[in-house]
Amino acid sequence: MTDRVFNFSAGPAVLPLPVLEQAQQELLALPEVGASVLEISHRSKAFSGIHESAKESLKSLLSIPDDYHILFLQGGARLQFSMIPMNLLRGSDSPADFVLTGTWGKKAREEAEKEGAVRVVWDGKKTNYDRLPTADQLDLAPNSAYVYIASNETIQGVQFSTEPDTGDVPLVCDASSDFLHRPVDITRYGILFACAQKNAGPAGVTVVIIRDDLLKRSQDSLPGYMNYRIHADNDSLWNTPPAFGIYMVGLVARWLQDEIGGLEKMYEQNRDKAGMLYQVIDECDGFYRGHAQPGCRSVMNVTFRLPTEELEKKFLAEAETNGLCTLKGHRSVGGIRASIYNAMPVEGVRALRGYMRDFLAKNAG
Ligand SMILES: *Cc1c(COP(=O)(O)O)cnc(C)c1O
């Protein structure tokens, strides 16, 4: 096997090795099918088994109740930025309430504004998106069409550890970069969606978990693909679905169940991994400066700066030669970003921690 590096990419991101190995093995022929998932009809019995099993695994991992649909759509998270307001806001008398904690929430708001009225109920701009609102800072209207959050802002590295209480107003959540990283109470959400390529599979499939009663809001005049009700009525098979992506999400979900032992266990590992890196940041006398306020830190994307951009360049170059790859922060914020999703093994985080301590010893003061 060619050597795999420790890949800290923010997305598409590292996948569990056993998942890649199974996919590799089955790429010529699925057992008892004699062809791969790339080559069979989406209406075949074989694909139907793969699809059902992916849904069942997600349902069981997240305890998704029966009144929710699990849809597998295309167009990435970005298409959801449009589909959500098209379905929930178009024609509504009430505005949508947006909580802006970073780049992705802002981009979603721009799309929503094309469809209807949007109220920004909290905006982290003043402090450069380094924190989350406290419960009493959220001035939510009881009649809004929905409340929108991004549970984890991938670029800034701030993350909700529990979801805000929105009462009877549907909570809509972009969980693209922390889907399946901890157990969540799905009943607190109207829609929870995630593109797969951060924490759940390859690019090309987006998981949308939507409560049944919200489908009533989708107007018949919507373009077919944009209409959640059509996707739910057709069990994601209105058009040819992203079959390979669904297969991979299914394998990742089964890996979480069988090898990790469920989301509680996964969350423990994720907190331990993140804790290892934040500990270095907290103990280095300001050499590494974390972007997120301590209470709002992401366990998925650890973002920090070094004293100078020159040192950051040096940090990245030497990391690369040590097999610690794609640690560069997003171009809009700079610095360093270590994305340590579910599939990043603890050995990778340990190696990064060791490297950070080494680099500190050689370059501080
Ligand atoms: C990556 C990301 C997106 C964008 O996903 P696409 O599939 O490229 O549209 C949206 N939201 C969050 C939180 C992300 O991390």
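Residues numbered from 1 in each chain as written. Predicted model: local features only at pLDDT ≥ 70, side-chain atom pairs only at ≥ 80, totals over all residues. Heavy atoms only, no water.

## Re the domain arrangement of the protein
By a widespread convention, an interface's size corresponds to the accessible area lost as its parts come together. Its domain assignment divides the protein into domain 1 (17-260) and domain 2 (262-363). Listed per partner, the contact involves 28 residues of domain 1 and 26 residues of domain 2. Both sides of the domain 1 and domain 2 interface together cover about 2,200 Å² of buried area, and 58% of this is carbon and sulfur. Of all residues in domain 1, Ile155, His181 and Ile260 bury the most surface against domain 2, accounting for 26% of the area lost on that side. In this assembly, domain 1 and domain 2 are joined by zero salt bridges. (Domains from an automatic or database assignment. Contact = heavy atoms within 4.5 Å. Buried area = accessible area lost by both parts, 1.4 Å probe. Salt bridge = Lys/Arg side-chain N within 4 Å of Asp/Glu carboxyl O.)

## Some thoughts on empty space enclosed by the protein
Under the counting rule described, the total for this entry stands at two cavities of 30 Å³ or more. Forming the walls of the largest cavity are 16 residues, and the residues nearest its centre are Ser151, Asp178, Arg182, Val184 and Tyr189. Within the lining of the largest cavity, the residues separate by chemical class into 10 nonpolar, three polar and three charged. Considering only enclosed or pocket space, the second largest cavity measures out at about 50 Å³ in volume. Contributing to the lining of the second largest cavity are Val14, Leu15, Pro16, Lys198, Asn199, Ala200, Gly201, Val252, Tyr341, Asn342 and Ala343. Its residues assigned to classes, the lining of the second largest cavity comprises seven nonpolar, three polar and one charged. (1 Å grid on protein atoms, 1.4 Å probe; cavity = no way out; pocket = protein on both sides within 12 Å on 5 of 7 lines; lining within 4 Å. Points joined across faces, edges and corners; volume = space filled by probe spheres on them. Nonpolar A, V, L, I, M, F, W, Y, C, P; charged D, E, K, R; others polar.)

## Quick notes on the sheet that holds strand S3 (residues 96-100)
Sheet strands line up and pair through hydrogen bonds in the backbone, either parallel or antiparallel. Spatial ordering of the open sheet is given by S2-S10-S9-S8-S5-S3-S4, a layout of seven strands whose pairing is mixed. Here the strands that pair on one side only, and so sit at the sheet edges, are strand S2 (68-73) and strand S4 (118-123). With direction set aside, neighbouring strand axes in the sheet form an average angle of 20 degrees. Relative to strand S10 (residues 206-211), strand S9 (residues 191-195) is paired through five bridges, and the arrangement is antiparallel. Counterpart to isoleucine 191 in the pairing with S10 is isoleucine 210. Strands S2, strand S5 (147-150), strand S8 (171-174), S9 and S10 of the sheet are contacted by helix H3 (residues 76-88), whose axis makes an angle of about 155 degrees with S9. (Pairing = 2+ DSSP bridges. Helix = DSSP H or I, 4+ residues; strand = E, 2+ residues; numbered from the N terminus. Axes fitted to C-alpha atoms, helices over the stretch in contact; angles between N-to-C directions.)

## Focus on the sheet that holds strand S12 (residues 301-305)
Taken together, the three strands give an open sheet; going across it, the order is S11-S12-S14, and neighbouring strands pair in antiparallel fashion. Two strands lie at the open edges of the sheet, namely strand S11 (289-290) and strand S14 (336-339), each paired on one side alone. The pairing of S11 with S12 spans two bridges and is classified as antiparallel. Paired with glycine 290 across the bridge in S12 is phenylalanine 304.

## Quick notes on the site of the ligand
Lining the immediate surroundings of the ligand are 13 residues, of which Arg78, Thr154, Asp174, Gln197 and Lys198 lie closest. Here a nitrogen atom of the ligand sits 2.6 Å away from a polar atom, N or O, in the side chain of aspartate 174. Interatomic distance of 2.9 Å between a side-chain N/O atom of glutamine 197 and an oxygen atom of the ligand. A total of 390 Å² of accessible area belongs to the ligand in isolation, and the protein chains cover 87% of it. When each cavity is represented as a set of grid points, the ligand is found to reside in the second largest pocket. Take the shell around the ligand: its biggest share by element is four residues, from H3. Taken together, the residues of the shell around the ligand break down into four nonpolar, six polar and three charged. (Near = heavy atom within 4 Å. Polar contact = N/O pair within 3.5 Å; in protein donor to acceptor, adjacent residues only side chain to side chain. Areas by Shrake-Rupley, 256 points an atom, 1.4 Å probe, with all protein chains shown as cover. Sits in = over half its atoms within 2 Å of the grid points.)

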